[in-house]
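What the coordinates show
This is what each chain is made of:
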Amino acid sequence: MDTAPRPFGARHLSALAFVAPLLVYLVAFYAYPLFRNLDLSLRDYTVRSFVQGDAPFSGWRNFSTVLHDPTFWSAMRHTMVFTFVSIVFQYVIGLALAVFFNRHFRLASTLRALFLIPWLLPLIVSASTWSWMFNSESGVVNYGLHLVGVEPVGWLTSPDWALTSVIVANIWIGIPFNLVILYSGLQNIPAELYEAAALDGAGAWQQFRRITFPLLRPVSAITLLLGLVYTLKVFDLIWIMTKGGPGDSSSTLATWSYQLGFGTLLPKFGPGAAVGNILILIALVFGLLYIRVQRRQET
């Protein structure tokens, strides 16, 4: 039998052939756009220089401009409120539903499938539906308030309610993701633990506090971190419903970045890219945190 090692090309050619499409995809759709976005944020681009490619280097001036703009801190605050309120309610409601469906009653699988509808619908459909429901004049929400004697609310037109409206819509969209992941985690908890706890006289709340929640903690950490990274960059939902308005009352870093770069006749490509890079950096921090948590669980 010939045991002589094959040359490098023969050993690795097939492996490189399988890896090549992935590398091309990562370079074309991740590495190059990130590089171009960084280049945009470090140069003074106008429409002419954007086309001709002769924008002068400006260093960190765009970042300084953005950080000294009052809109930045307003958008940052809205981003944090939108993100953390959304993931807290998505997690709590998703966990409650997961525990509820874990009881294996009749029609449980059918109802669980129905709860996945918000996750399966195209986001433009969900956002448009919520826009119609929150319409100040013909929306079903204000109609329901009218039936119980409450004055109509300008859900999408009032600075006091616009951010709340998009948060409610985002919570509704994100609940199915939390339900699916947490329900899968519940399936891995041995039923014998609950049987032993019941024999010891533990009630439903004690079983949840002593068994379910502690054993579900690793899955919960992953769910929350993934939800955090996703929610930070939500753009289309807010843009369809309020466009960041009225004023900047529901503007986040994602929508503000788009407004700077494409929302006016005189686009500010550099500051818009700078805001995008700040958002990428924030998401990267939480992404690295996710990887660290996952590695700890594997070890």
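Refer to the structure above for everything that follows.
Calculation notes
Position numbers for residues count from 1 along each chain, tracking the sequence in the order it is written. Only residues with pLDDT of at least 70 are given local features in this predicted model, and only at 80 or more are side-chain atom pairs given and counted; all residues enter the totals for whole chains, interfaces and linings. Note that water and hydrogens are dropped before the side-chain values are worked out from all heavy atoms of the structure. Definition used in this section: a nonpolar core is a set of buried Ala, Val, Leu, Ile, Met, Phe, Trp, Tyr and Cys residues joined via side-chain atoms within 4.5 Å. Residue exposure (1.4 Å probe, protein chains only): buried if accessible area is under 20% of the type maximum, exposed if over 50%, otherwise partly exposed. By the criteria applied, helices consist of DSSP H or I runs no shorter than four residues and strands consist of E runs no shorter than two, each listed in order from the N terminus. Pairs of residues are marked as contacts when any of their non-hydrogen atoms sit within 4.5 Å. When a carboxyl oxygen of Asp or Glu lies within 4 Å of a side-chain nitrogen of Lys or Arg, that pair is called a salt bridge. Surface patches are defined over residues having more than 30% relative accessible area and no salt bridge, joining like charges when they lie within 9 Å and nonpolar side chains (Val, Leu, Ile, Met, Phe, Trp, Tyr) when within 5 Å. Note on areas: these come from Shrake-Rupley sampling with a 1.4 Å probe, and a residue is covered only by the protein chains present in the view. For Phe, Tyr and Trp, where Trp contributes only its six-membered ring, two rings pair if their centres lie within 6.5 Å, and the inter-plane angle classes them as stacked under 30 degrees, edge-to-face over 60, or tilted in between. In this analysis, the expected span of each helix is defined as 1.5 Å times one less than the number of residues it contains. Two axes enter the bend calculation: one fitted to the seven residues ending at the residue in question, the other to the seven starting there, and the bend is the angle between them.

Of all hydrophobic cores here, the largest spans 34 residues; its most connected members are F82, L237 and M241. Contributing elements (two or more residues each) for this core: α4 (70-101), α7 (123-133), α9 (162-187), α10 (191-199) and α13 (236-241). By residue number, the principal contributor to this core is α9, which donates 11 residues. For F82, the residues in contact, after removing those within four places along its chain, are L163, V166, I167, N170, T231, V234 and I238. Counting residues in hydrophobic clusters, the runner-up holds 17 residues, among them W256, A274, V275 and L279.

This part is about the pattern of salt bridges. Throughout the structure, instances matching the rule amount to two salt bridges. Between D39 and R36 there is a salt bridge whose closest N-O contact spans 3.1 Å. On the criterion of helical spacing, the pair formed by D39 and R36 is a turn pair, its members being three residues apart in helix α1 (residues 8-41). On the basis of relative accessibility, which here comes to 15%, the residue D39 falls in the buried class. For R36, a relative accessible area of 24% translates into the label partly exposed. A salt bridge links D39 to R43, with the nearest nitrogen and oxygen atoms 2.8 Å apart. Using a relative accessible area of 26% as the deciding quantity, one classes R43 as partly exposed. Put simply, R36, D39 and R43 are held in one network by salt bridges that share partners.

We now examine a nonpolar patch on the surface. A cluster of nonpolar residues, L107, L111, L114, F115, I117, L121, I124, V125 and W172, forms a patch on the protein surface that exposes about 760 Å² of accessible area. The set of elements that each furnish at least two residues to the nonpolar patch consists of α5 (108-114) and α7. Tracing the backbone through its elements, the reader meets I124 in helix α7. The class of I124 is exposed, set by a relative accessible area of 53%.

A few words now on the packing of aromatic side chains. For the coordinates displayed, the defined rule picks out 19 aromatic pairs. In textbook terms, an aromatic cluster arises when at least three aromatic residues are bridged by ring pairs, as seen for W130, F134, W155, W161 and W172.

In this model α9 runs 39 Å from its N-terminal to its C-terminal C-alpha over 26 residues, within 8% of the 38 Å that 1.5 Å per residue would give. At G174, α9 is deflected by roughly 30°, the largest bend along its length, and proline P176 occurs up to four residues later in sequence. Among the 26 residues that make up α9, 19 are buried, leaving the element largely enclosed by the rest of the structure.

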